[in-house]
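# Fold and contact review
Okay, here's what each chain looks like letter by letter:
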Amino acid sequence: MAIMDIGIDLGTANTLLYVRGKGIVLNEPSVVAVREGGKGGVLAVGTEAKETIGRTPGSITAIRPLRDGVISDYEAAEEMIRHFVRKALAGRRPRTRMVVCVPSGVTPVERRAIVHAAQRAGAKAVHLIEEPMAAAIGVGLPVAEPRGSMVVDIGGGTTEVAVISLGGIVTAQSLRVGGDRFDQAITDFVRKQHGLLVGERTAEDIKVAIGSAWPVPGQEEFEQRTFTVRGREKVGGLPKTLDLTVREVRSALDEPVEQIIAAVRVTLEECPPELSGDIMEHGIILTGGGALLPGLDLRIASATNIPVFVADDPLDSVAQGCGKCVEDFDGLAKATAAA
């Protein structure tokens, strides 16, 4: 029986699958809709399940199996992986080998949980690769050379900050702050400042429409934008509408953005002097969905006095790096065994 090699960027917000020889074949939200109490099994997975968030009847629950980059619901994660693999392979069930990306800060217990979930989903062999390394490989940084490269990968649940040289992570910070924390910050701001209750989908819409971390030169028109928010009054419970401004949302995002900047500073402080010069020369690379937040690169650059660049395809960087490992699965297995 033929063996299929698959790479999985198992993200808090989205899961991407890379199939050897085909590239990225699936990109869907990491959401599972189940009937309450587990009766009736899984009703929907991925895009279809995400549409149910905040709109499900009492008997149906929309679950996000990963929180802060790690598995929070083991059974739902297993079912989600199995569903995505079958969908990516068009219903076929060949023997599979998987490379799965994990945050650099996961514990041994969390690593075993991810491996076990992949095995239960049908993988005959499972190898883990840390997300900042996969992101660096995906954007084409010279990770194998004796040169310092710095990557900041801002995902849905975690931010991974790492300095990489000679094929290894020299120093890193794994911060459980990401896109979800941005959404929560907006939700909290709207509730505290305007007495309006909004759901996570609305908060995400606000972030995408008018979210920013720093004023962007040449985009004065963007600074004048507003976003009409519809929610429920905290007191009274009646429907209410208000217009949020760009500055208000930037203020709401200030705390999580500062936490990311603090992690970048700590990583730089722990970096060996020989590699610091390389980073000063070549800059910091931002990847992940959070890298798309307007002005974030400028704010980090201002705080560190180091050039900051957003990857060409930040959403797919980790999956692409994972895919390059999948294309050389046997070499990865030998390197892992030698380590």
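Above: the structure in question.
Report on the accompanying structure. Only a predicted model underlies this, so the values are computations on that prediction, with no experimental measurement involved.

One open sheet accounts for three strands, arranged β5-β4-β6; its pairing is antiparallel. Bordering the open sheet on either side are β5 (42-45) and β6 (60-63), each of which pairs with just one other strand. Between one strand and the next, the sheet's axes are offset by a mean angle of 20°, whatever the strand orientation. Its contacts with the sheet put helix α2 (residues 74-88) on β4 (32-35), β5 and β6, and the angle it makes with β5 is roughly 60°.

Within the sequence span of helix α11 (residues 296-304), burial applies to Leu-296, Arg-299, Ile-300 and Thr-304. The arc enclosing the buried residues of α11, seen along the axis, measures out at 120°, which places them on a common side. The inward-facing, buried residues of α11 contact β11 (149-154), α9 (254-270), β17 (284-287) and β18 (308-310). At the exit of α11 stands Asn-305, carrying a positive phi of roughly 60°.

A few words now on the packing of helix α5 (residues 179-194) against helix α6 (residues 200-210). α6 packs onto α5 with a crossing angle of 100° between their chain directions and a minimal axis gap of 8 Å. The angle between α5 and α6 places the two elements in the roughly perpendicular class. Residues Gly-179, Phe-182, Asp-183, Ile-186 and Thr-187 of α5 form the contact with α6, whose participating residues are Glu-200, Ala-203, Glu-204, Ile-206 and Lys-207.

So, about the layout of surface pockets. Unoccupied space between atoms shows up once a probe the size of one water molecule is rolled over them. The calculated volume of the largest pocket comes to roughly 930 Å³. Forming the walls of the largest pocket are 40 residues, and the residues nearest its centre are Ala-13, Asn-14, Gly-156, Gly-289 and Leu-315. Mapped onto the lining of the largest pocket, the elements with two or more residues apiece are β1 (3-10), β2 (14-19), β3 (23-29), β11, α5 and α6. For the lining of the largest pocket, a count of residues per class yields 15 nonpolar, 14 polar and eleven charged.

One can find Thr-287 in strand β17. When its relative accessible area of 0% is taken as the criterion, Thr-287 is described as buried. A distance of 2.9 Å separates the side chain of Thr-287 from the side chain of Asp-153, its partner in a polar contact. Apart from the residues lying within four places of it in its own chain, the contact partners of Thr-287 are Ala-135, Val-139, Val-151, Val-152, Asp-153, Ile-154, Ala-311, Pro-314 and Ser-317.

Contact geometry of α9 with α11 gives a least axis separation of 10 Å together with a crossing angle of 45°. As judged from the angle between their axes, α9 and α11 are oblique. With respect to the hand of their crossing, α9 and α11 are arranged in right-handed fashion. Counting all contacts with α9, which are made through Asp-254, Val-257, Glu-258, Ile-261, Val-264, Arg-265 and Leu-268, the residues of α11 involved are Leu-296, Arg-299, Ile-300, Ala-303 and Thr-304. For the contact of α9 with α11, the class distribution of residues is seven nonpolar, one polar and four charged.

Thresholds applied
Residues numbered from 1 in each chain as written. Predicted model: local features only at pLDDT ≥ 70, side-chain atom pairs only at ≥ 80, totals over all residues. Heavy atoms only, no water. Pairing = 2+ DSSP bridges. Helix = DSSP H or I, 4+ residues; strand = E, 2+ residues; numbered from the N terminus. Axes fitted to C-alpha atoms, helices over the stretch in contact; angles between N-to-C directions. Contact = heavy atoms within 4.5 Å. Buried < 20%, exposed > 50% of the residue type's maximum accessible area, 1.4 Å probe, protein only. Arc of directions from axis to C-beta. Parallel < 35°, antiparallel > 145°, perpendicular 65-115°, else oblique. 1 Å grid on protein atoms, 1.4 Å probe; cavity = no way out; pocket = protein on both sides within 12 Å on 5 of 7 lines; lining within 4 Å. Points joined across faces, edges and corners; volume = space filled by probe spheres on them. Nonpolar A, V, L, I, M, F, W, Y, C, P; charged D, E, K, R; others polar. Polar contact = N/O pair within 3.5 Å; in protein donor to acceptor, adjacent residues only side chain to side chain. Left-handed = near helix turned anticlockwise from the far one by under 90°.

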